[in-house]
Amino acid sequence: MPPRPTNKGKTPPPEETFEEAAYLKSLGEKQKLVSIKLNGGEVVRGWIEYYDRNMLRLTRDGAPNLFIYKTEILYIAEGEITTPRVRRPRTVKAASEGPVAPLTPESSGTE
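Everything numeric here is computed off the predicted structure, so don't read it as measured data. (Residues numbered from 1 in each chain as written. Predicted model: local features only at pLDDT ≥ 70, side-chain atom pairs only at ≥ 80, totals over all residues. Heavy atoms only, no water.)

Draft legend 1. Seen up close, the overall build of the protein. Scanning the protein from N- to C-terminus turns up 2 helices and 5 strands. When the helices and strands of the protein are read in sequence order from the N terminus, they spell out α-β-β-β-β-β-α. A total of 111 residues make up the protein; the buried ones form 14% of that total. For the protein, the exposed surface amounts to about 10,200 Å²; the carbon and sulfur share of it is 54%. (Helix = DSSP H or I, 4+ residues; strand = E, 2+ residues; numbered from the N terminus. Buried < 20%, exposed > 50% of the residue type's maximum accessible area, 1.4 Å probe, protein only. Areas by Shrake-Rupley, 256 points an atom, 1.4 Å probe, with all protein chains shown as cover.)

Have a look at this one:
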């Protein structure tokens, strides 16, 4: 049996990419509408005015501004979060006048 290759030379991926701050900064500068889904399932909408290491401030139109701890955020999406539509099975209505005769050249009036 041949020896198994080892991964001693590979380094694991980093825990932090340090791209979060740049992304939040770009969203705040553009005042881009975001939807934030919280751990409890609630979705809040607005734009990110301020952020730091532990929290962010969400500015909203017609509602109070929120300070949200990052540990309470499930995810942030640009724009509106749309809920997926539930697909209903299609129903076919039965013909109410009985069976349908096949179309033949004699019955269609064409020769």
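Draft legend 2. A look at unusual backbone geometry. At Phe-18, a position not held by glycine, the phi torsion is positive, near 65 degrees. The topology assignment puts Phe-18 in the segment before helix H1 (20-30).

Draft legend 3. Representation of the pairing of strand E3 (residues 55-59) in the model. Counted residue by residue, E3 has 4 buried out of 5 residues, so it is predominantly covered. Judged from the 4 bridges that link them, strand E2 (residues 43-51) and E3 form a sheet pairing that is antiparallel. In the strand pairing of E3, Trp-47 is matched with Thr-59. If you look at the hairpin formed by E2 and E3, you'll find 3 residues sitting between the two strands. Across 4 bridges, the pairing between E3 and strand E4 (residues 66-69) is antiparallel. In the strand pairing of E4, Leu-56 is matched with Ile-68. Between E3 and E4, which follow one another and run antiparallel, lie 6 residues, and Gly-62 among them has a positive phi close to 75 degrees. (Pairing = 2+ DSSP bridges.)

Draft legend 4. Local environment of the sheet that holds E3. Strand order in the open sheet formed by 5 strands is E4-E3-E2-E1-E5, and the pairing between neighbours is antiparallel. Every interior strand has two partners, whereas the edge strands, E4 and strand E5 (73-78), have only one. With direction set aside, neighbouring strand axes in the sheet form an average angle of 45 degrees. (Axes fitted to C-alpha atoms, helices over the stretch in contact; angles between N-to-C directions.)

Draft legend 5. Representation of the side chain of Thr-59 within the structure. By secondary structure assignment, the location of Thr-59 is in strand E3. At 2.6 Å, the side chain of Thr-59 and the side chain of Glu-49 are in polar contact. Apart from residues lying up to four places away in sequence, Thr-59 is in contact with Gly-46, Trp-47, Glu-49 and Asn-65. (Polar contact = N/O pair within 3.5 Å; in protein donor to acceptor, adjacent residues only side chain to side chain. Contact = heavy atoms within 4.5 Å.)

Draft legend 6. Here's a closer look at the pairing of E2. Taken together, the 4 bridges between strand E1 (residues 34-38) and E2 define a ladder with antiparallel strand orientation. Within E2, the residue paired with Ile-36 across the bridge is Val-44.

Draft legend 7. A look at H1. Residues Leu-24, Leu-27 and Gly-28 constitute the buried set of H1. All buried residues of H1 fall inside an arc of 95 degrees around its axis, so they share one side. Within H1, the exposed residues directed more than 90 degrees away from the buried face are Glu-29 and Lys-30. Each element contacted by the buried residues of H1 is listed here: E1, E2, E3 and E5. Among the residues trailing H1, Gln-31 stands out with phi positive, at a value near 50 degrees. (Arc of directions from axis to C-beta.)

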